[in-house]
Amino acid sequence: MNSIEKSPIPATTPRVIVREAAAPRPRWQVWLIRPEVVTLLLLVIAAIVATRLSPFFADLGFILESSTYYIEFAIVALVLTIVIISGEIDLSPAAQMALSACLFGTAFKAGAPIPVAIGVSLLSGLVMGAFNGFFVTVLRLPSIIVTIGTLILYRGLAQVLAGDKSISGFPSWFVGIDYRMVGIVPVPVLIFIAASVLLGLFLGITIYGRQIYQIGTSEIAAIHAGIRVRRIKMGLFIASGLVSSIAGLMVASRLGSVRYDLATGGELTMVLIVMLGGTYIFGGRGSILGTFLAAWLLVIIATGMTVANIAINAQLTIMGLLLIVSIIATNAIYARSQR
């Protein structure tokens, strides 16, 4: 028989190297690198430290009462979380709170019944949100530039309306929302909890919530997937304006008066809450749960500094540092999760 000679394999034939798949990361490590877990750990640590500063922190009623000074910002921060997840940002809610509250006070001072004045305030919130959304979604301008401009615009209009004086004299049934209780829980806290649950469900289980995450991850991919990006973003800015006007009315009720400088500096507080909750500043990642926990973390920290007699200027410095640290930590966590 003739033997069949096999040709040798050329030396240049590429070698295929099969690598073993990396072992899946243990579940506890997956949970540990979630931003919400980090926020929860910080909340526990802050509560322990605050309790050592003052025994009042061991009283749940004291914490709930203290939270009413920050709860309006926390409510707006819930909607701001969704806006940032979509890849945009709104820095004007505090100014919207002031202008809507001043419109409410001006309408009441002009003789309008309280329900009509409230309607004027809510309508102004819708208009301000749509105004922001028009520049961002139709004219395609950067949201950070647009909302910095409207921040100044809305605050200036509030000063034109109210001047340097406060508007007061509201009926007793409207004033003092922070003193309305259900058990030991103030009504504003209940509103915040209800809003957190509703927005958490909206973002987590609805198709619109998933589309918002997709828009924040890649707007171009979302457009090719048939998602109505402009319509959704416009809706988010309108929702931000509406919720800001509601928060402005809550502040007016809590203070019993309105001024043009109402909620001054609230932009820092709102963004700080969102960032402490682990929302990614460039969009695509974040959760309502993280913002909810971060709001209580801020309540503990801010109230603890007040109890410790730390000056207001020093408190603002600490808040600014916290904002920077939270942004760096969030970026590090998400980089770690991608690896």
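Relevant structure appears above.
Everything numeric here is computed off the predicted structure, so don't read it as measured data.

A. Focus on unusual backbone geometry. Its identity is not glycine, yet Arg140 carries a phi of approximately 60°, on the positive side. Accessibility expressed as a relative area gives 46% for Arg140, which makes it partly exposed. Of note in this structure, Ala263 is not a glycine but carries a positive phi near 65°. Structurally, Ala263 is set in the loop between β4 (257-258) and α12 (266-276).

B. Looking closely at the packing of helix α6 (residues 114-138) against helix α7 (residues 143-162). The contact between α6 and α7 brings their axes to 9 Å, and the two run at 145°. Crossing angle aside, the handedness with which α6 passes α7 is right-handed. Every residue of α7 that contacts α6 at Met128, Phe131, Asn132, Phe135 and Val136 is listed here: Ser143, Val146, Thr147, Thr150, Leu153 and Tyr154. Partitioning the contact of α6 with α7 into residue classes produces seven nonpolar, four polar and no charged.

C. Layout of empty space enclosed by the protein. In total, this model carries one cavity of 30 Å³ or more according to the counting rule given. Taken as a whole, the largest cavity encloses approximately 40 Å³ of empty space. Forming the walls of the largest cavity are Tyr70, Ile71, Ala74, Ile273, Ala295, Trp296, Leu298 and Val299. Secondary-structure elements contributing two or more residues to the lining of the largest cavity are α4 (71-85) and α13 (288-307). Class assignment for the residues of the lining of the largest cavity results in eight nonpolar, no polar and no charged.

D. Region of interest: α4. Taking 1.5 Å per residue, 15 residues should reach 21 Å; α4 reaches 21 Å between its end C-alpha atoms and fits that length. Where α4 bends most, at Leu78, the angle is about 25°. Taking burial as the measure, the 15 residues of α4 include 15 buried ones, the bulk of the element. Downstream of α4 by one or two residues, Gly87 has phi in the positive range, about 95°.

E. Local environment of helix α2 (residues 35-53). Its 19 residues give α2 an end-to-end C-alpha distance of 27 Å, which sits within 8% of 27 Å, the value for a rise of 1.5 Å per residue. When we look at burial in α2, the residues that qualify are Pro35, Glu36, Thr39, Leu43, Ala46 and Ala50. Seen end-on, α2 carries its buried residues on one side only, within an arc spanning 90°.

Criteria and cut-off values
Residues numbered from 1 in each chain as written. Predicted model: local features only at pLDDT ≥ 70, side-chain atom pairs only at ≥ 80, totals over all residues. Heavy atoms only, no water. Buried < 20%, exposed > 50% of the residue type's maximum accessible area, 1.4 Å probe, protein only. Helix = DSSP H or I, 4+ residues; strand = E, 2+ residues; numbered from the N terminus. Axes fitted to C-alpha atoms, helices over the stretch in contact; angles between N-to-C directions. Left-handed = near helix turned anticlockwise from the far one by under 90°. Contact = heavy atoms within 4.5 Å. Nonpolar A, V, L, I, M, F, W, Y, C, P; charged D, E, K, R; others polar. 1 Å grid on protein atoms, 1.4 Å probe; cavity = no way out; pocket = protein on both sides within 12 Å on 5 of 7 lines; lining within 4 Å. Points joined across faces, edges and corners; volume = space filled by probe spheres on them. Expected span 1.5 Å × (residues − 1). Bend = angle between axes of the 7 residues up to and from the residue. Arc of directions from axis to C-beta.

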